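Working through the structure, step by step
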Amino acid sequence: MKDSGDTLRIDKWLWAARFFKTRALAAEAVGGGHVHVNGTRVKPSRPLRVGDRLRITRSGLTWEVEVRALLDKRRPAAEAQQLYEETPQSRRAREEAAEARRLARLAAPQTEHRPERRDRHRIRRFMGKE
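Below you will find a few notes about this structure. (Residues numbered from 1 in each chain as written. Predicted model: local features only at pLDDT ≥ 70, side-chain atom pairs only at ≥ 80, totals over all residues. Heavy atoms only, no water.)

1. Description of the pattern of salt bridges
Counting across every chain of the model gives ten salt bridges. Of the charged contacts, one joins Glu66 and Arg53 as a salt bridge, the two residues approaching to 3.2 Å between their closest N and O atoms. Residue Glu66 is found in strand E6 (residues 61-67), and its partner Arg53 is found in strand E5 (residues 53-58); the two are separated by 13 residues along the sequence. Owing to a relative accessible area of 39%, Arg53 belongs among the partly exposed residues under this scheme. Residue Glu99 is joined to Arg102 by a salt bridge in which the shortest nitrogen-to-oxygen separation is 2.8 Å. Residue Glu99 and its partner Arg102 are both found in helix H4 (residues 88-107); the two are separated by three residues, about one turn of the helix. Given the relative accessible area of 35%, Glu99 is considered partly exposed. Shared partners join several salt bridges into a network, and the residues in it are Arg53, Glu66, Arg68 and Glu85. (Salt bridge = Lys/Arg side-chain N within 4 Å of Asp/Glu carboxyl O. Helix = DSSP H or I, 4+ residues; strand = E, 2+ residues; numbered from the N terminus. Buried < 20%, exposed > 50% of the residue type's maximum accessible area, 1.4 Å probe, protein only.)

Here is the structure:
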């Protein structure tokens with residue numbers, strides 16, 4: 001890990017902290033305005049320092065984290081989690097969103113069986129695909 005006086009590109013840190021699967025995806029998200037540092041939109045090359053606060057939006061979820069350490073190599077998830085600390089409000093909001101998605105999935109209508117051949121033909125005809 002780097003010293004507290006060092007800096008690291010934000011896209012590289014996001015990749016190392018395992019918020020994104022590739023560095024290119026991290027750079028695309030930063031450039032697209034899905035990552036804010038200390039409340040401001042930044043470019044992928046922006047230097048990140050220990051103590052900076054990030055707001056990361058990905059797949060409809062938002063993380064608010066504070067940078068605890070800098071690491072430019074991708075390590076196991078357990079080590080990557082040591083690079084940042086998530087705020088309690090952010091964790092609570094993500095858990096509530098996950099619970100809401102779970103409840104919505106349970107409330108969706110469930111069919112008792114798969115449509116049979118005649119039913120599938122009728123559905124296709126009704127949808128105008130046949």
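2. What to know about the nonpolar core
Core analysis: the biggest nonpolar cluster contains 25 residues, and Ile10, Trp13, Leu14, Phe19, Leu54 and Ile56 have the highest contact counts within it. Those elements giving two or more residues to this core turn out to be helix H1 (10-16), helix H2 (23-31), strand E2 (35-37), E5 and E6. By residue number, the principal contributor to this core is E6, which donates four residues. Here Trp13 is in contact with Leu8, Phe19, Leu48, Leu54, Val67, Ala69, Leu70, Leu71, Leu83 and Tyr84, once residues within four sequence places are set aside. (Core = buried A, V, L, I, M, F, W, Y, C linked by side-chain atoms within 4.5 Å. Contact = heavy atoms within 4.5 Å.)

3. Some thoughts on the pairing of E6
Side chains of E6 alternate between two faces, with Leu61, Trp63, Val65 and Val67 buried and Thr62, Glu64 and Glu66 left unburied. Alignment of E5 against E6, held across six bridges, turns out to be antiparallel. Its bridge partner being in E6, Thr57 is matched across the sheet by Thr62. The hairpin formed by E5 and E6 contains two residues between the paired strands, and Ser59 there has a positive phi angle of roughly 55 degrees. Relative to strand E7 (residues 84-86), E6 runs antiparallel, the two being bridged by three bridges. Bridging across to E7, Glu66 finds its partner in Glu85. (Pairing = 2+ DSSP bridges.)

4. Observations regarding the environment of Ser45
Among the structural elements, Ser45 can be located in the loop between strand E3 (40-41) and strand E4 (47-48). Between the C-alpha atoms of Ser45 and Glu96, which are 51 residues apart in sequence, the distance is 33 Å.

5. Re the sheet that holds E7
Hydrogen bonding along the main chain pairs the strands of a sheet, whether they run parallel or antiparallel. Strand order across the open sheet formed by five strands is E3-E2-E5-E6-E7, with antiparallel pairing between neighbours. Edge positions in the open sheet fall to E3 and E7, since each of these has one partner strand only. Note: E2 against E3, two bridges, orientation antiparallel. Bridge pairing in E3 links His36 to Arg41. Each of E6 and E7 is contacted by H4, which is oriented at about 160 degrees to E6, the strand it contacts most. (Axes fitted to C-alpha atoms, helices over the stretch in contact; angles between N-to-C directions.)

6. Considerations on a nonpolar patch on the surface
On the surface, a cluster of nonpolar side chains totalling about 380 Å² of accessible area is made up of Ile123, Phe126 and Met127. Its location among the elements puts Ile123 in helix H5 (residues 117-127). (Patch = residues over 30% accessible without salt bridge, like charges linked within 9 Å, V, L, I, M, F, W, Y side chains within 5 Å. Areas by Shrake-Rupley, 256 points an atom, 1.4 Å probe, with all protein chains shown as cover.)

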